[in-house]
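Coordinate analysis (summary)
Okay, here's what each chain looks like letter by letter:
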Amino acid sequence: MDMSEKEDLRGRSKDISEGVNRMPNRAMLRAVGFQDEDFKKPMVGVASTWSEVTPCNIHIDQLAREAKAGVKQHGGAPLIFNTITVSDGISMGHEGMLFSLPSRETIADSIELVVNAERFDGLVAIGGCDKNTPACLMAIGRMNLPSVYVYGGTIQPGKLHGKDVDVVTAFEAVGKYQEGQLTDEELHEVECSVCPGAGACGGMYTANTMASAAEAMGMALPGSSSTPAIAPNKAVECTEAGKAVIELLRKNIRPRDIMTLKAFENAITVVMALGGSTNALLHLLAIAHSAGVKLKLDDFERVRSRVPHLADLKPSGKYVMQDLNDIGGVPGVMKLLLEKGLLHGDCLTVTGKTLAENLADAEPLDSGQDVIRSFEQPLKPTGPLVVLKGNLAPEGAVAKMSGLKKLRFSGPARVYDSEQKAADAIARDDIKKGDVLVIRYVGPKGGPGMPEMLSITAMISGKGLGGEVALMTDGRFSGGSHGFVVGHVTPEAQVGGPIGLLQEGDIITIDSETQEMNVEISAQEFEARLAKWVQPPLKVRTGVLGKYARLVSSASQGAVTDLDL
Ligand SMILES: CC[C@H](C)C(=O)C(=O)O
Ligand SMILES: [Mg+2]
């Protein structure tokens with residue numbers, strides 16, 4: 001329904017579009033194409049994360065133009081603006097990864113800065129790489145203006161000797177090459193095959209996980225999280241998003257009407273069923289904080305215990321997001337979960353309808369498919385992202401148990417204060433089957449930036465030690481990581497957390513069934529070690545990482561930098 005002549009959907013954009021005093025402001029907007037009638041329309045920002053620095057975002061300029069057209073067609077006055085992105089895959093395994101998680105805050109802050117300075121009434125935000133979706137939703141939650149999120153879409157799988165491959169294949173090929181299992185030519189073949197074009201990493205890694213979570217919480221249009229980047233329908237979704245935001249303005253439906261605790265429970269349910277990235281716990285805590293929703297790590301456990309892991313998706317499974325899309329996509333999965341009473345169907349969404357009303361129109365998953373298992377034969381009876389506590393993680397830690405038969409691991413600590421030193425040890429074959437590899441002082445403050453450890457987990461996997469060596473860190477894991485991995489250990493070493501007191505050879509036991517992670521030393525020994533511990537200075541004290549290290553909260557609170565302490 002387009003706007004009638006009399007209808008005035010403008011809100012705070014009247015600060016610019018009305019009054020003599022704002023004539024100079026309007027004069028500048030005329031220079032970017034505004035005409036008289038535009039000042040009678042609601043001003044809608046289109047936040048574009050377009051960038052050439054990663055395939056995830058290389059196409060988003062076209063999508064932003066589609067969204068702009070949609071806003072215009074339905075009576076709005078749209079303006080595209082850009083924000084940044086970094087590439088997790090390209091920053092992985094070196095100092096660049098220190099800047100990945102901080103970029104989430106920068107993207108959220110930049111959207112908040114532009115939308116507020118320009119007095120927009122509404123927003124369409126379009127994201128690609130890992131930090132984009134959480135950042136866009138954080139900005140949307142903070143500002144609470146009628147908004148719609150659109151995910152730029154998953155990449156197609158690469159093909160190599162008839163098999164589907166993707167960027168995690170490349171990371172794991174490094175370990176295989178180090179073992180002499182690949183020649184230089186074969187390694188080059190992998191490099192040239194795994195990323196065929198536009199789109200975010202194709203397994204159920206962080207970008208696809210967070211897109212699915214965005215749709216499950218009602219902030220993205222039905223089906224838009226699983227539509228591939230190069231599918232013609234992706235552009236249509238952007239045009240539709242432009243239309244949807246005008247409808248939201250008309251009905252005054254705001255993000256905090258949608259991003260409720262029940263909506264976050266829906267997001268957690270879908271993440272657990274899909275076997276998504278551990279980063280979802282960090283990002284959903286941060287998004288909830290931005291929307292004023294009190295979400296805690298314990299909420300993830302409450303949901304996990306009732307939701308089976310159904311999706312046979314990479315990194316521990318066989319298929320990629322493209323395959324899920326082909327058999328019904330995220331709507332098909334949510335339809336199944338709703339039928340089982342595992343979703344709150346009464347949650348409002350950006351279509352203006354409830355989740356149940358949206359899903360009534362969705363097709364069920366194709367019969368005969370084996371991407372999504374039945375409830376009778378799940379991959380795991382409960383979700384694979386397990387919150388652990390214990391004397392090593394009093395505030396919590398996150399274990400990814402998908403694809404693992406072993407649910408308990410006990411072994412000697414092999415302690416490293418940097419990812420590089422750990423990587424060198426793995427390359428020298430110093431890390432043996434049964435060891436618990438500990439990488440610390442890589443948390444939000446200690447890293448700084450809580451880097452992901454895909455290079456490490458991929459090397460372990462490539463060397464055939466996947467599941468035979470446990471890895472625990474106050475850093476993070478990529479969505480491409482799998483094996484016996486525990487991240488987000490809090491409190492982090494940098495602030496005196498127990499992980500910082502570990503010594504070589506301490507016996508660590510990680511039990512995903514009792515959900516505990518403990519070291520076998522006495523309380524007295526802990527006290528003695530703490531008495532001798534000296535807090536190291538922050539590694540970085542100026543610039544973006546210096547600001548971040550001083551402001552960032554614990555990972556158990558989402559590693560946010562705007563906690564109202
Ligand atoms: C393949 C892994 C991807 C690049 C990533 O960083 C994530 O999913 O978190
Ligand atoms: Mg990542």
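Residues numbered from 1 in each chain as written. Chains lettered and ligands numbered in written order. Predicted model: local features only at pLDDT ≥ 70, side-chain atom pairs only at ≥ 80, totals over all residues. Heavy atoms only, no water.

The name given to the chain in an unreviewed UniProt entry is Dihydroxy-acid dehydratase, with the source organism recorded as Paenibacillus algorifonticola. Quoted verbatim from the Subunit (unreviewed entry) heading of the UniProt record, the comment on the chain is "Homodimer." (UniProt positions renumbered as here; feature names shortened; annotations may be inferred.)

It is worth spelling out the packing of aromatic side chains at this point. Tallied over the full model, the rule gives three aromatic pairs. Judged by centre distance (6.1 Å) and plane angle (25 degrees), the ring pair of Phe81 and Phe120 falls under stacked. Here the residue Phe81 occupies a position in strand β2 (residues 77–82), and Phe120 occupies one in the loop between α5 (100–117) and β3 (122–127), the gap between them amounting to 39 residues. One Lys or Arg, Lys340, reaches over the ring of Phe375 and ends 5.0 Å from the middle of that ring. (Phe/Tyr/Trp six-rings, centres within 6.5 Å; stacked < 30°, edge-to-face > 60°. Helix = DSSP H or I, 4+ residues; strand = E, 2+ residues; numbered from the N terminus. Lys NZ or Arg CZ within 6 Å of the ring centre and 35° of its normal.)

It is worth spelling out the coordination of the magnesium ion (ligand 2) at this point. Coordination sphere of the magnesium ion (ligand 2), protein contribution only: Asp88 (OD), Asp130 (OD), Glu452 (OE) and Glu452 (OE), at 2.0 to 2.3 Å. Here the magnesium ion (ligand 2) is ringed by six donor atoms whose angles at the metal span 56 to 170 degrees, and the overall shape comes out irregular. Counting residues between consecutive donors of the magnesium ion (ligand 2) along the chain gives the motif D-x41-D-x321-E. Highlighted residues: Asp130 in the loop between β3 and α6 (132–143) and Glu452 in the loop between β10 (436–439) and α19 (454–462), separated in sequence by 322 residues. Of the two residues, Asp130 and Glu452, both sit in the buried class. (Donors = N, O, S within 2.8 Å, 3.2 Å for Na, K, Ca; no water. Tetrahedral: all angles 85-135°; square planar, octahedral: opposite > 155°, others 65-115°. Buried < 20%, exposed > 50% of the residue type's maximum accessible area, 1.4 Å probe, protein only.)

The next point concerns the site of ligand 1. Close contacts around ligand 1 come from 15 residues, with Asp130, Tyr205, Thr206, Glu452 and Gly479 the closest. In this structure, Asp88 approaches ligand 1 through a side-chain N or O atom, which is 3.4 Å from an oxygen atom. At 2.7 Å from an oxygen atom of ligand 1 is found a side-chain nitrogen or oxygen belonging to Asp130. When ligand 1 sits alone it has 280 Å² of accessible area, and the protein chains cover 100% of it. Contributing elements (two or more residues each) for the shell around ligand 1: α4 (88–91) and α7 (167–178). Looking at which domains feed residues into the shell around ligand 1, each of domain 1 (13–156 + 197–361) and domain 3 (385–557) supplies at least three. (Near = heavy atom within 4 Å. Polar contact = N/O pair within 3.5 Å; in protein donor to acceptor, adjacent residues only side chain to side chain. Areas by Shrake-Rupley, 256 points an atom, 1.4 Å probe, with all protein chains shown as cover. Domains from an automatic or database assignment.)

What follows covers the UniProt feature "domain: Dihydroxy-acid/6-phosphogluconate dehydratase N-terminal" (unreviewed entry) in the chain. The feature "domain: Dihydroxy-acid/6-phosphogluconate dehydratase N-terminal" (unreviewed entry), as annotated in UniProt, sits at residues 41–358 in this numbering. Between the end C-alpha atoms of residues 41–358 there is a gap of 29 Å, over a span that is 50% helix and 9% strand.

Let us look at the domain arrangement of the chain. Partitioning the chain into domains gives domain 1 (13–156 + 197–361), domain 2 (160–196) and domain 3 (385–557). Between the C-alpha centres of domain 1 and domain 2 there is a distance of 32 Å. Contacts between domain 1 and domain 2 engage eleven residues on the former and seven residues on the latter. Carbon and sulfur atoms make up 64% of the surface buried where domain 1 meets domain 2, a total of about 730 Å² over both sides. Its largest share of buried area at the contact with domain 2, domain 1 owes to Gly197, Tyr205 and Lys314, together 42% of the area lost on that side. Connecting domain 1 to domain 2 are zero salt bridges. Put simply, domain 1 and domain 2 have two residue pairs in polar contact (both at pLDDT 80 or more) between them. Within the side of domain 1 that touches domain 2, the residues separate by chemical class into five nonpolar, four polar and two charged. (Contact = heavy atoms within 4.5 Å. Buried area = accessible area lost by both parts, 1.4 Å probe. Salt bridge = Lys/Arg side-chain N within 4 Å of Asp/Glu carboxyl O. Nonpolar A, V, L, I, M, F, W, Y, C, P; charged D, E, K, R; others polar.)

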